[in-house]
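Letter by letter, the chains look like this.
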Amino acid sequence: MFSLTSADKRKADCDAYAVEQCLSGMKKQDVKALEELYYRTSAPVFGFALSILKNIQDAEDVMHDLYVAVWSAAGKYDADGKPMAWIMTITRNLCLQKLREYRKRSDIPQEDWETYINGNLNMSSEDKLILSECLKTLSDEERQIVTLHAVAGFKHREIGKLLEMPLSTILSKYNRALKKLQKYMEESNEDKRN
């Protein structure tokens, strides 16, 4: 849809007000508003789609379909201060639709995750390391919850609504994921010392 160049230094910023401004511009058929929305939201949207579909091509297809759907539905968006929840709900629904269409759940090769992580200009090297470890050690649900919280900045309550899970389940899975990561990092550090 849009391509990032090395000259383009914009970073993802899912600030609710800025995203709502983009949606407002899209209501007026402003293509620049769509482009701005893409740059602000594409990293968390792609990461979330990838965590569900586990296939880069399918995640890219969903991203394309998402921005087409958002462009078409921008006039129907009711500004409520939570545009990312609206966008991620559409993303989730498109992912589930794709899973139903193909009835498949293939494992994503580690090199595909690494390509995505290393190519993401919006992440610090520490974030890339943590995300890489997440992908290796966490279950699908844990990966989705951590991605939504750490990468997209959603609150646990918002994640619960998005994934249609009780808050207590989200908190439990998030804490379990953090403990898995901590244990993995401790074991990894211990192995390096030996």
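Residues numbered from 1 in each chain as written. Predicted model: local features only at pLDDT ≥ 70, side-chain atom pairs only at ≥ 80, totals over all residues. Heavy atoms only, no water.

1. A short note on helix α1 (residues 16-27)
Helix length check: α1 (twelve residues) gives 17 Å between terminal C-alpha atoms against 16 Å at 1.5 Å per residue, within 8%. Along α1, the positions that sit buried rather than exposed are A18, V19, E20, C22, L23, G25 and M26. A positive phi of about 65° marks Q29, the residue just after α1. (Helix = DSSP H or I, 4+ residues; strand = E, 2+ residues; numbered from the N terminus. Expected span 1.5 Å × (residues − 1). Buried < 20%, exposed > 50% of the residue type's maximum accessible area, 1.4 Å probe, protein only.)

2. A word on the confidence of the model for the protein
For the protein, mean pLDDT is 78; residues scoring 70 or higher make up 73% of the total. Mean pLDDT in the protein bottoms out at helix α5 (residues 110-119), which sits at 54, and peaks at helix α3 (residues 56-73), which reaches 92. Counting contacts from residues 1-10, a segment whose pLDDT is below 50, to residues more than four positions away or on other chains yields 15 contacts. Of the regions scoring below 50 in pLDDT, residues 104-108 engages in 16 contacts with residues more than four places distant in sequence or in other chains. (pLDDT = per-residue confidence, 0-100. Contact = heavy atoms within 4.5 Å.)

3. Points about the packing of aromatic side chains
Summed over the entire model, instances satisfying the criterion amount to three aromatic pairs. Measuring from ring centre to ring centre gives 5.7 Å for Y38 and Y39, while their planes differ by 80°; the resulting arrangement is edge-to-face. On the basis of relative accessibility, which here comes to 13%, the residue Y38 falls in the buried class. Ring pairing ties together the aromatic residues Y38, Y39 and Y67, which thus form one cluster. (Phe/Tyr/Trp six-rings, centres within 6.5 Å; stacked < 30°, edge-to-face > 60°.)

4. Notes on a negative patch on the surface
Where like charges cluster on the molecular surface, the negative patch consists of E186, E187, E190 and D191. In this fold, D191 is placed in helix α9 (residues 167-193). (Patch = residues over 30% accessible without salt bridge, like charges linked within 9 Å, V, L, I, M, F, W, Y side chains within 5 Å. Areas by Shrake-Rupley, 256 points an atom, 1.4 Å probe, with all protein chains shown as cover. Salt bridge = Lys/Arg side-chain N within 4 Å of Asp/Glu carboxyl O. Lys, Arg positive; Asp, Glu negative; His and termini not counted. Charge placed at Lys NZ, Arg CZ, Asp CG, Glu CD.)

5. Side note on α3
Taking 1.5 Å as the rise per residue, α3 with 18 residues should run 26 Å; its terminal C-alpha atoms sit 25 Å apart, in good agreement. Regarding α3, the residues found buried are I56, D58, A59, V62, M63, L66, Y67, V70 and A73. Two or three places before Q57, at the start of α3, stands the capping residue N55, its side-chain oxygen 3.0 Å from that residue's backbone nitrogen. (Polar contact = N/O pair within 3.5 Å; in protein donor to acceptor, adjacent residues only side chain to side chain.)

6. What to know about the nonpolar core
Ranked by size, the top nonpolar core spans 46 residues in total, and within it L37 and M88 carry the most contacts. At the level of elements, α1, α2 (31-53), α3, α4 (83-102), α7 (140-151), α8 (156-163) and α9 are the ones that each hand at least two residues to this core. Looking at which element gives the most residues to this core, the answer is α2, with twelve residues. Setting aside chain neighbours within four positions, we find M88 in contact with P44, V45, F48, L148, A152, F154 and L162. (Core = buried A, V, L, I, M, F, W, Y, C linked by side-chain atoms within 4.5 Å.)

7. Points about the packing of α1 against α2
Following both chains from N to C, one finds α1 and α2 inclined at 150°, their axes separated by 8 Å at the closest point. Taken together, α1 and α2 sit at an angle that is classed as roughly antiparallel. The handedness of the crossing between α1 and α2 comes out as left-handed. Contacts between α1 and α2 involve A18, V19, C22, L23, G25 and M26 on the former and, on the latter, A33, L34, E36, L37, R40 and T41. Taken together, the residues that form the contact of α1 with α2 break down as eight nonpolar, two polar and two charged. (Axes fitted to C-alpha atoms, helices over the stretch in contact; angles between N-to-C directions. Parallel < 35°, antiparallel > 145°, perpendicular 65-115°, else oblique. Left-handed = near helix turned anticlockwise from the far one by under 90°. Nonpolar A, V, L, I, M, F, W, Y, C, P; charged D, E, K, R; others polar.)

8. A few points about the packing of α2 against α3
Contact geometry of α2 with α3 gives a least axis separation of 9 Å together with a crossing angle of 140°. Judged by the inter-axis angle, α2 sits oblique to α3. Crossing of α2 against α3: the hand is right-handed. Contact with α2, carried on its side by V31, L34, L37, Y38, T41, S42, V45, F46, A49, L50 and L53, involves I56, D58, A59, E60, V62, M63, L66, Y67, V70 and W71 of α3 and no other residues of that element. Partitioning the contact of α2 with α3 into residue classes produces 17 nonpolar, two polar and two charged.

9. Looking at the environment of L162
Among the structural elements, L162 can be located in helix α8. Leave out the neighbours within four places in its chain, and L162 touches F48, A85, M88, T89, R92 and L148.

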